[in-house]
Amino acid sequence: MLNVRRRIHGLTVTTLVLIIFVLVCSTALGRERADKFLVLHLDAVSSADFFAELEAGGLPNIAELFQNGQKVKHGLTLYPGGTEIIMPRIKEGLDNSQGNSVGWGYLHRETGAEIGDVPIFLEMFSGFSRRNRHQFVTGIPVFHHLAGLSMLNIERIWETQDVVEFFWFHSDVMGHLSGREAHLKSIRTFDRYLGLAAQRGKLDGANLVLYTDHGMTTEGVETVRHETIITQIVQDELRYLAYPNIYLHDPGQKDHLAQEIAEQTAIDIALIKVSDEVVRGYTAHGHFEIAHKNGRFAYRFVGEDYFGYAALGCADTFLSKDEWLRQTKEHIYPAAPPNLFSYLSNPRVGDIVTILNPPKIPFALRAQLGNHAGLKASDLTVPLLVTGPAFEDLAPIEEFWLHELYSVHLPMIDFRAKASRERHMINLSYPASVELTLSPAYRWRAGLAISEQGAKPWLEYDLYSSFLTRIWVGALFDDHRLNWQMRVEGFVGDVGVSWLKRGDQEGQFRFHWRFVEQAEITVSKEMVGVSLVF
C-alpha cells in the first residue's frame, strides 16, 4: 500500500509540473489555428436580405469577424432553390442536371416508384457529417437556442477535425412558418450566438466561411394551390405531381398541356424539354426557348420577353453559364437560361416543369408565409463571406455559382481530411488516484486508472457525437473480470458534465471546467481532480 501511495505521489508531482507548464504556454498554443476552417451555413437568406441587415448594423459580429475578408454579393444557387437540391451536390461540384433530388418528390421512371419527401430527406441527411445531423432538430423553434450555444464548442470539434461545418436551419423554418420579421430576427439571433463563440479570441487566426444555400420570399406572399389547378388542366393524364414537376401517362401530351397551364392558370411558366438541345417555356403571353450548343446557352422569345433579357443585350446570343451570371447578376432573373436548361436535362424531372415566381408561392401546410420556389433573385441569390490566412492569396470573387463553391473557388477546404486522434489526458484526483487516457485514433480512447484499489485498464469507442454531446461505449477490466462501461458527455463552451456507468456499479456524475485549453478541473461527490489535456 505504501509503494502505491509513493507512486501516486510521484505521478501527482509530475502532473502538477506539467499543468503549470501548460498554463504558461496555453495562450500561444491556443492561437495556432491557421489550418482550421469554420464553414457557417445560414439557411434560406437571400443576398439582398443578408447585406441589407449587414449594412444596417443588424449583424455586428459577422461584420467584425469578416471585416478584413471578401464579401461577395452575387452568388447564385441551383434551381429550384432548396437545401435538398444544393447540399447533395455542393461538395462534388455537381449541377442540377446530375443527382437524384429534383425537389421534394419525383417519379422513378425505371421502377414506377413515387419517391416522396421522407426518402429524399434521408438521402440528404445521410450526406451530412455525423456531428451535424442533430442540427436539423436544433433548427426547430426553441431548440434553436441549443444550436446557438453549440457554437461555443467549435474549439472542441477542432480538436479532431480541421474543417468544421455549422448549419443554422432556424432561419428557414421561421421564414416558412412565421414570415419576414421572424425570418430576419433569426438571422440576428445567429449573429449574437456567433459573437459569443468568438469571445476571448476563440476564432482568431482561423479561416471562416459564411454562405447561404438559397433565398426566401417573405414579402407580399400569395399562396397558390398549384396541385388543384394543375389537376384541373391535366386531369386523367396526371401520373404524379410534386412541385415543380408534373409526370404524365402520355408524355406526348406535354406541349399542349404546358401551353394550357401557362395560359389558363396562375402558374407563371410551364417548361418542357423539346430535344436534347432545346428547352421551351410557355408564359401567359408568349413563349421562349433556351438553346444549348457547346456549353453555351441562347435565349429567344416570341411575344413577351418574360425575363427582360433583350434590354440587357442577352437575347439571341450564345453565352456560357458564367457569362450569363456576369451579365445578369443584378437583374431580377439572374442567369435563368443555363439554370433552367441544366435542370430540365436531369432525367428525374417531370414531363412538364412549372414555376411560380414571387410573390406567388406554392401552397404547403408548413410554408404559407414564405418560400423559395421561383426564379427571382429573392429566391436564388446567395452571399459569400471569407476571411483568414488560407484566403489571403484568393483572387477577388465577383460572382459565383454556389454548386462550384468548393470545386472552383475554395478548393483549399478539404472535407475528406482524416480526423485526428482524440486528446490525451492525465488526471490527478483526490482521494489519491491518477488516470491516464490515451487515444490511438479518432473515436477511440484507452485508459488506465490507478488508485489504492489497484490498476484498472479500460477501452471505449465513440458511438454518437454532436456539437453538444458524445456517447462512448466500451469495456473495463476490474477485479479480475471484464465488464462493460458507458460514458455520456455534454458540454457548452468550457463547461461540461459527464455520466459514467460501469457494469453493476452506480453511475457517477461529474462536472468539468476547462479553465484553459490544455487543463480542466473535474468535480463529483466522490472526487475532485485536475487534468492535463494534450
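The structure under discussion appears in the preceding block.
Keep in mind that this is a model prediction, so the values were computed, not measured. (Residues numbered from 1 in each chain as written. Predicted model: local features only at pLDDT ≥ 70, side-chain atom pairs only at ≥ 80, totals over all residues. Heavy atoms only, no water.)

## Let's talk about the sheet that holds strand E5 (residues 163-168)
So, step 1. Here six strands make up an open sheet; going across it, the order is E5-E1-E6-E17-E2-E18 and the pairing mixed. The outermost strands of the open sheet, each flanked by one partner alone, are E5 and strand E18 (400-401).
So, step 2. Each of strand E1 (37-42), strand E2 (70-76), strand E6 (207-212) and strand E17 (381-387) touches helix H2 (residues 47-55); the most contacted strand, E17, lies at about 50° to it. (Pairing = 2+ DSSP bridges. Helix = DSSP H or I, 4+ residues; strand = E, 2+ residues; numbered from the N terminus. Contact = heavy atoms within 4.5 Å. Axes fitted to C-alpha atoms, helices over the stretch in contact; angles between N-to-C directions.)

## Looking at helix H11 (residues 254-264)
So, step 1. The complete set of buried residues in H11 reads Leu257, Ala258, Ile261 and Ala262. Along the long axis of H11, the arc covered by the buried residues comes to 130°, so they all point the same way. Those residues of H11 that are exposed and angled more than 90 degrees off the buried face are Glu263 and Gln264.
So, step 2. Looking at the buried positions of H11, the neighbouring elements they touch are helix H10 (226-234), strand E9 (245-248), strand E10 (269-275), strand E11 (278-283) and strand E15 (352-355). (Buried < 20%, exposed > 50% of the residue type's maximum accessible area, 1.4 Å probe, protein only. Arc of directions from axis to C-beta.)

## What about the pattern of salt bridges?
So, step 1. Counted by the stated rule, this structure contains 35 salt bridges.
So, step 2. The partner of Glu159 in a salt bridge is Arg514, with the nearest N and O atoms 2.4 Å apart. Taken as a pair, Glu159 in the loop between helix H7 (154-158) and E5 and Arg514 in strand E26 (residues 508-516) lie far apart in primary sequence, 355 residues in all.
So, step 3. When the shortest N-O distance is used, the salt bridge between Arg445 and Glu460 registers 2.8 Å. Of the two residues, Arg445 sits in strand E21 (residues 444-451) while Glu460 sits in strand E22 (residues 454-465), which places them 15 residues apart along the sequence. Note on accessibility: Arg445 and Glu460 belong to one class, buried.
So, step 4. Put simply, Arg33, Glu155, Arg200, Lys202 and Asp494 are held in one network by salt bridges that share partners. (Salt bridge = Lys/Arg side-chain N within 4 Å of Asp/Glu carboxyl O.)

## So, the side chain of Gln70
So, step 1. Looking at the element boundaries, Gln70 is found in strand E2.
So, step 2. When its relative accessible area of 18% is taken as the criterion, Gln70 is described as buried.
So, step 3. A polar contact is formed between the side chain of Gln70 and the backbone oxygen of Ala395, at a distance of 3.2 Å.
So, step 4. Not counting residues up to four positions away in its chain, the partners in contact with Gln70 are Leu384, Leu385, Val386, Leu394, Ala395, Pro396 and Ile397. (Polar contact = N/O pair within 3.5 Å; in protein donor to acceptor, adjacent residues only side chain to side chain.)

## Regarding the packing of aromatic side chains
So, step 1. Under the defined criterion, the tally for this structure stands at 30 aromatic pairs.
So, step 2. Taking the centre distance of 4.8 Å and the plane angle of 50° together, the rings of Trp444 and Tyr461 count as tilted. Linking Trp444 in strand E21 with Tyr461 in strand E22, this pair joins segments that are 17 residues apart in sequence.
So, step 3. With a centroid separation of 6.5 Å and an interplanar angle of 45°, the aromatic rings of Trp499 and Phe509 are classed as tilted. Pair noted here: Trp499 is in strand E25 (residues 495-502) and Phe509 is in strand E26, with a separation of ten residues, a long-range link. (Phe/Tyr/Trp six-rings, centres within 6.5 Å; stacked < 30°, edge-to-face > 60°.)

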